[in-house]
Amino acid sequence: MSKKSTFIILAAGEGKRMKSKYSKVVQKIMGKPMILYIVDEIEKNFEDGEIVVVVGNKKEDVYKVLEGRNVKFAYQEKQLGTAHAVMCAMNEVSDDSENVFVLYGDAPFIKADTLKKLSQKREEEVAALCLLTAIFENPYGYGRIIADENGNVIKIVEERDATEEQRKIKEINPGFYCFEKQELVNVLSKIDNKNNQNEYYLTDAIEILNREGKKVVKTTAEDNFEVMGINSRYELFVAEQELKLRINKEHLSRGVQIIDIYNTYIHPDVEIGKDTIIYPGTFILGKSSIGEDCVIGPQSYIVDSKVGNNCHIQFSMIESSEIKDNVKIGPYAHLRPNSLLEEGVKIGNFVEVKNSKLGKNTKSAHLTYIGDADIGENVNLGCGTIFVNYDGYKKHRTVVENNAFIGCNSNLVAPVKIGENAYVAAGSTITEDVPANALAIARERQTNKEGWVLKRKQMYGNK
Ligand code: UD1
Ligand code: MG
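Model, not experiment: these values are computed from the prediction.

Colleague: So what's going on with the overall build of the protein? Residues and values would help.
Modeller: Along its length, the protein carries nine helices and 40 strands. For a compact globule of 463 residues, the expected C-alpha radius of gyration is about 23 Å, and the protein comes in at 31 Å, more than 25% above that figure. Considered along the principal axes of its C-alpha atoms, the protein spans approximately 110 × 50 × 45 Å. Across the 463 residues that make up the protein, the buried fraction comes to 49%.

Colleague: Break down the nonpolar core for me, citing the residues and quoting the values.
Modeller: When a protein is soluble and globular, its nonpolar side chains tend to lie buried together. Core analysis: the largest hydrophobic core is formed by 58 residues, its most contacted members being I323 and I418. Of all the elements in the fold, those that place two or more residues in this core are α1 (34–45), α8 (233–253), β28 (346–354), β31 (373–375) and β37 (416–418). The element contributing the most residues to this core is α8, with five residues. Those residues in contact with I418, other than ones at most four positions away along the chain, are V399, V400, E401, A404, I406, L412, V424, I430 and V434. The next biggest cluster of nonpolar side chains, apart from the first, holds 35 residues, and it includes I35, A112, I172 and A221.

Colleague: Which residues make up the environment of K111, and what values go with them?
Modeller: The topology assignment puts K111 in the loop between β6 (99–104) and α4 (112–124). Given a relative accessible area of 42%, K111 falls into the partly exposed group. Each C-alpha atom, one on K111 and one on L66, is 20 Å from the other, the two residues being 45 residues apart in sequence. What K111 contacts, discounting residues up to four positions off in sequence, is E41 and E226.

Colleague: So, the state of the cysteines: which residues are in play, and what are the values?
Modeller: Under the definition given, this model contains zero disulfides. With no disulfide of its own, C294 has C311 as its nearest cysteine by sulfur position, at a separation of 4.7 Å. The closest cysteine sulfur to the non-disulfide-bonded C408 is located on C383, 5.3 Å from its own sulfur. Take C408: its relative accessible area is 38%, and that puts it in the partly exposed class.

Colleague: Tell me what's going on with the site of ligand 1, and back it up with residues and numbers.
Modeller: Around ligand 1 there are 20 residues in total, and G13, Q76, G81, E158 and N173 lie nearest to it. At a separation of 2.8 Å, an oxygen atom of ligand 1 approaches a polar backbone atom of G81. Contact distances for ligand 1 include 2.9 Å between an oxygen atom and a side-chain N or O atom of Y104. Notes on ligand 1: free accessible area 750 Å², of which the protein chains cover 81%. Those elements that place two or more of their residues in the shell around ligand 1 are β1 (5–11) and α3 (82–89).

Colleague: Describe in detail the sheet that holds β31, supporting the description with residues and values.
Modeller: Spatially, the nine strands line up as an open sheet ordered β15-β18-β21-β24-β27-β29-β31-β34-β37, and their pairing is parallel. For this open sheet the edge positions go to β15 (271–272) and β37, each flanked by a neighbour on one side alone. Summarising the sheet, strand β27 (residues 340–341) and strand β29 (residues 357–358) pair through two bridges and their orientation is parallel. When the bridges of β29 are listed, L341 appears paired with L358.

Rules used in this analysis
Residues numbered from 1 in each chain as written. Chains lettered and ligands numbered in written order. Predicted model: local features only at pLDDT ≥ 70, side-chain atom pairs only at ≥ 80, totals over all residues. Heavy atoms only, no water. Helix = DSSP H or I, 4+ residues; strand = E, 2+ residues; numbered from the N terminus. Rg over C-alpha atoms; globule rule 2.2 N^0.38 Å. Buried < 20%, exposed > 50% of the residue type's maximum accessible area, 1.4 Å probe, protein only. Core = buried A, V, L, I, M, F, W, Y, C linked by side-chain atoms within 4.5 Å. Contact = heavy atoms within 4.5 Å. Disulfide = S-S within 2.5 Å. Near = heavy atom within 4 Å. Polar contact = N/O pair within 3.5 Å; in protein donor to acceptor, adjacent residues only side chain to side chain. Areas by Shrake-Rupley, 256 points an atom, 1.4 Å probe, with all protein chains shown as cover. Pairing = 2+ DSSP bridges.

As C-alpha cells, this is what we get:
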C-alpha cells in the first residue's frame, strides 16, 4: 500500500505576464481552467490524496473554480516566495500524510504516473526529497540542476544567480517536488530570504538538506509537455494547440475518424464512440458525449450535450441538450438548452428548438421556432411553424400530441394543445385547443375577385 500523500498546489502568484484581470491558474485551456487539470488528475489517480491550494492574488477566482471540490485552501497574504507559500500550507497537511508534493498551479499537464515515480523513488532511496527534472534545449529562465556523479541533486541555481558555466546546463527544475513530510517541516524552518530578491526560495531546500547529510534524488521527465509552465498568452496558445492535437490523436487511436486534426476542437472530458466521423470546423465542448457511427460537422458546435448513435449533425449548434439515436440535425439548426430529441427526429434548415421535447420520428424540416413545447411522436411541423411562447411577461408551454400535422406558416399561441392526429391548416394562428382528429382552420377565408386584373388594366392601361 502506498503511503498517504498531500499535494500542495501553489497558486498565489500574480501572473503578471498574462496581462489579465483574472488569476492565471483559472485561465482556460481547451475550455478547462488550468488548475482543474491538476486537481482532476490527482483526484482520479490518488485514492486518499489530499489537496491544499495556496491562494493569494485574485483568490476569489480560484475559490470559484474549485467550488464544491474536495480541496483545502491556505492563504498567503504576501507573496514572499515559493518556500513561504509552502509554509503557509503546512497547517492544512494531515498528520498521517508522509509524502508531501509541491506543485505549481501554472503547470497543468503533469501526469499521475510521473508523480507516482517521484514518491516511489523517494521511498526506495530513503531520500528526503525526490524532484522532477527536465531536459530543455533552451533552459533560459529556469533553475538549473546541479547533480553529483551518482545523480544526487546538490543544489538548484536560479537563472539570475547562475555562472556562465551553470547557465549551459540543460537539466532544469520544472517545479515538481515530493518531500518526506517531517524533512519538509525541518527544512522550511531553515530557509531564509537572504538573496537579492528577498524571497524565500523553495529551491534552497536542496542545498540545506545536502548540508545536513540528507539525500535528494531526481527523476527526469520523459515528456516535456507534462512539465510545461504557462505564464503568457502565447504559452497558453502553444499549450492549447499541443493539447488539442494530443486529444484528437487519442480519439483516432480509439476508432474515431477525425478528418482534420488541426481544425477540430474537442475538450478533454468529451467521450466519442467508434466509427464516428468528425468533419473540420467542429467544436465538441464541455461535458459532451457522442455515440458510435455519427457524422458530426462540418462546422458544428456542441456543448454540454449527449448525442446517441448514428446521428448526423451538420453546420449546427447544440447546447445542453440530449439527442437520442438516428437523429438528423441541420444544416443550420440551433438546439438551445434543455431540449430532448427522441429517436429518429429530424431538425432541418433554420430550425431553432428551446426547452422542448420532440417525440420519436417527429420532423421539422425548415424555418421553425419550437420554444417550450412538448411534442409527441410522428408529428410533422410544416415550414415556418412558430411556437408563440412569450406574451411579453411570461413563457407558456404548448402541447402537440402524437401524429398531429401542423401546416406551413402556422402560429401556435401558448398555452395551447393540439390533440392526437389533429391537423392545423397552413397559415393558421391557433389560440384555442384543437381536439384529437379535428382539422383547425384559423385564417381568413379566401375570396377570388373574378376579372379584377382585366378591369384594372382597363383603368390604367398596360404597364
Ligand atoms: C520557480 C523555481 C525555479 C523553476 C521555476 C519553474 C523557485 C525559487 N524557483 O521559479 O527553479 O525553474 O519555478 O517554473 O521556486 N508562488 C506563490 N507564492 C509566492 C511565490 C510563488 O504561490 O510567494 C507560486 C506562483 O503563483 C507560481 C509558483 O509559485 O505558481 C512559482 O513561482 P514563480 O515566481 O513563478 O517561480 P519562478 O521564478 O518561475
Ligand atoms: Mg514561474
